[in-house]
Amino acid sequence: MATMIRPGLVDELQAYGAEDVSKCFNCGNCSAVCVHSEAPHVLPRRPMHALQLGLESKLRGSLEPWLCYYCGECSEQCPKGAEPGETMMSLRRWLTSTYDFSGISRLFYRSWRWELFSIVALAILTGIGFALFGMSQGSINHYDGPSAFLPSAMIHRFDWTMAVVLVVLLGINSIRMWRSVTRAADVKPSIGSYVAALYTLPVHFFTQPKFRQCDRKRPWLVHLVLMLSYVTMLVLIMFFLREMAAGPAIDWRVHVFGYLASAGLIVAVVLNLRGRIKRDSPQHAHSHESDWMFLVLLLTVAVTGVLQHILHRLGLDAAANIIYIVHLMGVVPMLVLEVPFGKWAHLAYRPLAVYFARVQEHANEAVARGGATEPAS
Ligand code: SF4
Ligand code: SF4
């Protein structure tokens, strides 16, 4: 593959949050302290160097930024204050925008005004849409039953439609990521390599074991709680929405999981927000606007979800329906805009990167054994 060089890439990365990369003089201290830096993935020094040289095609196919969990050790050890940890973060934002076929990620990461405007506009449209629908067929005073303002069966169909849209959007961008990675790779893995590495996908999606290897364990734990809470809530909404919405009696078989997931989401988001406000750790020292957007949306959705549940249990169905609409005004932009195009996309790209890294490792092992893989064309 021809190497594409773009000298202005360093300047472009600053729009994604990179610090002054030119300060780096390639001493390698950062890679020496990074627990994830291991040949062939030398991070953060190698992507820092590629960025200085403007090696765009190499960076587009690089897995290294995704193998960084932003513990901040490298930034603390950098003698030049080049902030390699934050540069890895900005490279992840930039990579997300290169994978995205629609250009929305690029727009959002480079302009918080556009991101905010899009979220607010979609939230308002969602609110108006659900309010009109509710008034056309139900009563604001009924949360469930035949004359429910927002019947759970309808919301269920809506959720599944959004899920399909989300999977299609993330699927297209994931294929684009795979193409960038395979173009830049030294070997062309066989189908067998892809199959053999498949186990890494669920493991790294749910538990991020590499994150746990970082010296600071608390960020991993907070992320784990956030992730498990989020997945639990997703399962409840996609498969048990009718039971979740029924009431006013509490159905402990499903609601207990809802309470745990809500508590996990709120605690994890509050800890993250507190860290960013206090700048109490290296990974919270720099906050891009997209970091705030992600956390505020998630907190809004979690708190309004809890509130509508409480109001319905108290028999205040009209208030519960109003808060339900506010809740959906947060859910729709979060799932349609933030998950595929914003910071949340890393939930897909990071496990995929670990998977592709393992696939390449497997392919290289096969080449070393004289196996069935082919050199990349
Ligand atoms: S980022 Fe800092 S520690 Fe890493 S190679 Fe450059 S100057 Fe050295
Ligand atoms: S922030 Fe941590 S994980 Fe990321 S490159 Fe630096 S030392 Fe490695």
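Before any of the text, the structure's been laid out above.
Residues numbered from 1 in each chain as written. Chains lettered and ligands numbered in written order. Predicted model: local features only at pLDDT ≥ 70, side-chain atom pairs only at ≥ 80, totals over all residues.

A.B. asks: I'd like a rundown of unusual backbone geometry, residues and numbers included.
C.D. replies: Here Ala39 and Pro40 are connected by a cis peptide whose omega angle stands at 10 degrees. Tracing the sequence through the fold places Pro40 in the loop between helix H2 (29-33) and helix H3 (45-53). The omega torsion of the bond from Leu43 to Pro44 falls at 0 degrees, within 30 degrees of zero and hence cis. Within the chain, Asn26 stands out as a residue other than glycine whose phi angle is a positive 60 degrees. With respect to the helices and strands, the residue Asn26 is situated in the loop between helix H1 (9-14) and H2. Residue classification places Asn26 among the partly exposed residues on the basis of 14 C-beta atoms within 10 Å. (Helix = DSSP H or I, 4+ residues; strand = E, 2+ residues; numbered from the N terminus. Buried ≥ 20, exposed ≤ 12 C-beta atoms within 10 Å, placed from the backbone.)

A.B. asks: Describe the site of ligand 1, listing the residues and the values that go with them.
C.D. replies: Taken together, 13 residues sit near ligand 1, with Cys24, Cys27, Asn29, Cys30 and Cys78 positioned nearest. For the shell around ligand 1, the per-class residue count stands at 8 nonpolar, 3 polar and 2 charged. (Near = placed C-beta within 6 Å. Nonpolar A, V, L, I, M, F, W, Y, C, P; charged D, E, K, R; others polar.)

A.B. asks: Run through the packing of helix H10 (residues 152-184) against helix H18 (residues 317-341), naming residues and quoting values.
C.D. replies: Between H10 and H18, the least distance of the axes is 10 Å, while the angle of their chain directions is 20 degrees. Of the possible angle classes, the one that applies to H10 and H18 is roughly parallel. Considering only the axes of H10 and H18, their crossing is right-handed. Each of Met162, Val165, Leu166, Leu169, Leu170 and Asn173 in H10 lies in contact with H18, whose residues at this interface are Leu335, Val336, Val339 and Pro340. In terms of residue class, the contact of H10 with H18 is made up of 9 nonpolar, 1 polar and no charged. (Axes fitted to C-alpha atoms, helices over the stretch in contact; angles between N-to-C directions. Parallel < 35°, antiparallel > 145°, perpendicular 65-115°, else oblique. Left-handed = near helix turned anticlockwise from the far one by under 90°. Contact = placed C-beta atoms within 7 Å.)

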